[in-house]
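Here is how the chains run, residue by residue.
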Amino acid sequence: MKKGEALDLTRFKFIAKGLFVGIIVGFVVSLFRYFIELNLHFVLIAYKYMREHIFFIIPWIILSILICLINGLLIKKEPNIKGSGIPQVEGQLAGELEMNWWSVLWRKWVGGVLSISSGLFLGREGPSIQLGAAVGQAFAEKTKHKGAGRRVLIAGGAAAGLSAAFNAPIASSLFVLEEVYHNFSPLIWTTALSSAITSDFISMNFFGLTPVLHLRYFESFPIKYYFLLIFLGIILGFLGKLYSYMTLNIDKVYLKIKKLPQYFDSIVPLILVIPIGIFWPEVLGGGNTVVLGISHFWSNIWILIVLFIVRLVFSTISYGSGLPGGIFLPILTLGAVLGALFGKICVLLGLMPKCLIINCVIYSMAGYFACIGKAPFTAILLITEMVGSLSHLMPLAVVSLISYTVVDILHGRPIYEAMLDTLIPEPEKESQLSSFQDKIEIPVFAGSLLQDKQVRDFQWPKQSLLIAIRRGEKELIPHGDTLIRSGDTLIILTSHENCAWVRHQIEKIAKKSSEKETTGKI
C-alpha cells in the first residue's frame, strides 16, 4: 500500500456480511430440507400401507386436493414462488424483476415443503437458492444496501442456499457466478463463497459430513476406454435437448386443461403420482434415493429404460404444474440413470468391465447437467465435491464438454435463462456488423463506475464503438438510454491497431470502483 492511501475494507466488509447471511440461510434451508425428508419418509410409509389397504387411497386423494388448494392460494398471492425459483433470482440480479422478500420466503418455504415431500419428482435445490436469495435481500434492506451492494448480498444468499441443500460450497458459489449472476467479479465470488461455507457448516451440523449424492467408485476410468466417453457425451447432449424442449413446452399441455384455474394445475401431478407411489415407491421424490441406490436398478436394462422414461415424463409434468419445486436434482438423477444404462450396455457388449458402470453414472450426472444448464464448470466441480476425488476431473471434463457442445450446436439455451424469458419480455437481438474490424470484450464487475449508468453517461474513446452488451447468453443492441448492469460484458468494435489502447481506456472505467459504489449509497 502506498503512503497516504486509506485501507480498502470493501471486500472484507462484504465477506463479513456474507458470513452472517450464510448463518441465517443455513438454518432456514436446513429446516426446509429436514421437513421435506421427514414428510417424504411418512409418505413412503403411507404408500406401502396403501398397497395392502387400497381403500386408504380415498383419504389420500382428499389430502392431495388439500395440498393443491393450499399451494394454489399461495401461488395466487405470490406468483414469484412458482417453479424452481432460479429464473426469478436470475431476473432479480439482472434488475429485470423485483420481489417482496418476506412474501417469497415464507410462501416458498411452506409451498416447497408440501410440494416436494408429496413424492413428486421435484428438487429442493432451486427453492433453496430462492430462499437464500430472499434472506440476502432481507439483510440488504435491513442494512440499507441498495443497487450493487444489495445484489451482492442476494447473490451470496443464493450461493448459501444451494450450499446448504447440497453440501457443496465451492460448486454452489461457482453456480451463482456461472449460471445465475454471469459475472466473476471478486466482490461477488468472495461474498458468495463466505456465505456458502458458513451455510454448509450449519447444514453439516444437521445432516453430517457426507455429501447428499456421495457415490463410491472402485477404480479410476482407464484411458483405453476414453473413446466410450465421446459416445456418452453425444447421447447426453441429444437427450438433454429433449429434456429442455419438454420442460419448456409442458405449459402448452396445461393450457389445454381449460376446466381448471391455472393456480390449481398441481392437481394433475398430485393425482398421477398416486399409482406410481403404490407400485414403485422407490422412485418417488427428487431423486436422492434413486441416485444412491442406482446399483439396484441396473440389474436389468429394461428397468433402467422404464425408469428413465417415467422420471423424464413425470418430472416435466411435476414442474409444469407450477408447484414450488426445482429441476436441479431431477436432472442429476436422469443423468445417473442414463449413465447406468450406457454402462450396462457397454458391459453387455464387452466394451468395458462391470466395475466401471458407477464411473459412467458419475460422469453422466455432470454431463447431463452441463448441457441442460449450460454450466459445465459448475457440473464438473459439483460432482468432484460429491465424489471427493480429483481423479475424475479429466473424464468429467470430456463428457461435460461434448454434451455441452452438442446442445450448443442444436441451438439449446441455458434452461434457467429460457425460463426467465417466460417471465419477462425478450430483448432485442444484436445485428451483425462488419467482420473487417476487431472486437474486444470487457466485463462489468460489481462496483464498477459503469454499473447502473446509461450508455450516454460516458465519453467512449473515439476509436471505438459499443456495438452490443452481452447479458447472459443474450446480446442487446445498446442505445443512449440503455442501462449497463454488473454482470454485463461490453462488446467493443475498433480497429486492429487500436485494440490494446481502447481496451486500456475502457477498462480503467469498467474496473474502477469506489467504496461509495458498493456500500452505503447503493
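Residues numbered from 1 in each chain as written. Predicted model: local features only at pLDDT ≥ 70, side-chain atom pairs only at ≥ 80, totals over all residues. Heavy atoms only, no water.

**A closer look at the overall build of the chain**
When you go through the chain residue by residue, the secondary structure sums to 19 helices and six strands. Against the globule reference of 24 Å for 522 residues, the chain gives a C-alpha radius of gyration of 24 Å, in line with a compact fold. C-alpha atoms of the chain, sized along the principal axes, occupy 75 × 55 × 50 Å. Across the chain, every contact between residues at least 6 apart in sequence was considered, and the portion connecting residues at least 24 apart equals 81%. Surface accessibility of the chain: about 22,400 Å² in total, with carbon and sulfur atoms responsible for 66%. Across the chain, the centroid of the 46 positively charged side chains sits 4 Å from that of the 36 negatively charged ones. (Helix = DSSP H or I, 4+ residues; strand = E, 2+ residues; numbered from the N terminus. Rg over C-alpha atoms; globule rule 2.2 N^0.38 Å. Contact = heavy atoms within 4.5 Å. Areas by Shrake-Rupley, 256 points an atom, 1.4 Å probe, with all protein chains shown as cover. Lys, Arg positive; Asp, Glu negative; His and termini not counted. Charge placed at Lys NZ, Arg CZ, Asp CG, Glu CD.)

**Let's talk about the nonpolar core**
Counting residues in each nonpolar core, the largest one holds 135 residues, and the members touching the most others are Phe166, Phe328, Met365 and Tyr368. With 14 residues, the next largest nonpolar core counts Val444, Trp460, Ile469 and Ile484 among its residues. (Core = buried A, V, L, I, M, F, W, Y, C linked by side-chain atoms within 4.5 Å. Buried < 20%, exposed > 50% of the residue type's maximum accessible area, 1.4 Å probe, protein only.)

**Some points on the pattern of salt bridges**
Any two side chains of opposite charge can pair, so long as their charged atoms come close to each other. Tallied over the entire structure, the rule returns eight salt bridges. Its salt-bridge partner being Glu125, residue Arg124 comes within 4.0 Å of it at the nearest N-O pair. When its relative accessible area of 5% is taken as the criterion, Arg124 is described as buried. Since its relative accessible area comes to 0%, Glu125 is described here as buried. Put simply, Asp408 and Lys374 hold a salt bridge, and the shortest N to O gap is 2.6 Å. Separated by 34 residues along the polypeptide, Asp408 in helix H16 (residues 393-409) and Lys374 in the loop between helix H14 (357-373) and helix H15 (376-387) bring together distant segments of the chain. In this structure Lys374 comes out as buried when scored by relative accessible area, which is 5%. (Salt bridge = Lys/Arg side-chain N within 4 Å of Asp/Glu carboxyl O.)

**A word on the confidence of the model for the chain**
In this model, the chain carries an average pLDDT of 85, and 90% of its residues clear a pLDDT of 70 or more. Here residues 426-436 scores under 50 on pLDDT; set against residues more than four positions off or in separate chains, the count is 15 contacts. Of the regions scoring below 50 in pLDDT, residues 513-522 engages in 29 contacts with residues more than four places distant in sequence or in other chains. (pLDDT = per-residue confidence, 0-100.)

**Overview of the packing of helix H6 (residues 147-166) against helix H7 (residues 169-181)**
Running from N to C, H6 and H7 cross one another at 130°; their axes reach a closest spacing of 8 Å. Classified by the interaxial angle, the pair formed by H6 and H7 is oblique. The interaxial crossing formed by H6 with H7 has right-handed handedness. Taking contact as the criterion, the partners of Arg151, Ala155, Ala158, Ala159, Leu162 and Ser163 in H6 are, on H7, Pro169, Ser172, Ser173, Phe175, Val176 and Tyr181. Grouping the constituent residues of the contact of H6 with H7 by class yields eight nonpolar, three polar and one charged. (Axes fitted to C-alpha atoms, helices over the stretch in contact; angles between N-to-C directions. Parallel < 35°, antiparallel > 145°, perpendicular 65-115°, else oblique. Left-handed = near helix turned anticlockwise from the far one by under 90°. Nonpolar A, V, L, I, M, F, W, Y, C, P; charged D, E, K, R; others polar.)

**Considering the packing of aromatic side chains**
For the structure shown, the criterion picks out 21 aromatic pairs. Ring centres of Phe221 and Tyr225 lie 6.2 Å apart, and the angle between their planes is 65°; on these two criteria the pair is classed as edge-to-face. An aromatic cluster is present here, built from Phe166, Phe175, Phe328, Phe369 and Tyr416 joined pairwise through their rings. Above the plane of the ring of Phe14 lies Lys17, whose end atom (NZ or CZ) is 4.6 Å from the centre. (Phe/Tyr/Trp six-rings, centres within 6.5 Å; stacked < 30°, edge-to-face > 60°. Lys NZ or Arg CZ within 6 Å of the ring centre and 35° of its normal.)

**Looking at the pairing of strand E3 (residues 464-471)**
Most of E3 sits out of view: six of its eight residues are buried. Where E3 meets strand E4 (residues 474-476), three bridges bridge the pair, whose relative direction is antiparallel. Note on E4: the bridge partner recorded for Arg471 is Lys474. (Pairing = 2+ DSSP bridges.)

**What to know about the side chain of His145**
Residue position: His145 is located in the loop between helix H5 (125-142) and H6. Classification of His145 as buried rests on a relative accessible area of 7%. A polar atom in the side chain of His145 sits 2.7 Å from the side chain of Lys17. For His145, the side chain forms a polar contact with the side chain of Thr143, separated by 2.8 Å. (Polar contact = N/O pair within 3.5 Å; in protein donor to acceptor, adjacent residues only side chain to side chain.)

**Re the environment of Trp460**
Tracing the chain through its elements places Trp460 in the loop between strand E2 (453-454) and E3. Residue classification places Trp460 among the buried residues on the basis of a relative accessible area of 17%. In the structure, Trp460 is positioned 393 residues away from Ile67 in sequence and 56 Å away in space, judged by C-alpha atoms. For Trp460, the contacting residues outside a window of four places in its chain are Leu450, Val455, Leu466, Ile484, Leu490 and Ile506.

**Here's the deal with the environment of Phe297**
Along the chain, Phe297 turns up in the loop between helix H11 (288-292) and helix H12 (301-320). For Phe297, a relative accessible area of 9% puts it in the buried group. Distance from Phe297 to Leu307, taken between C-alpha atoms, is 8.5 Å for residues ten residues apart in sequence. If sequence neighbours within four positions are ignored, Phe297 has contacts with Trp280, Glu282, Val283, Val290, Ile303, Leu304 and Leu307.

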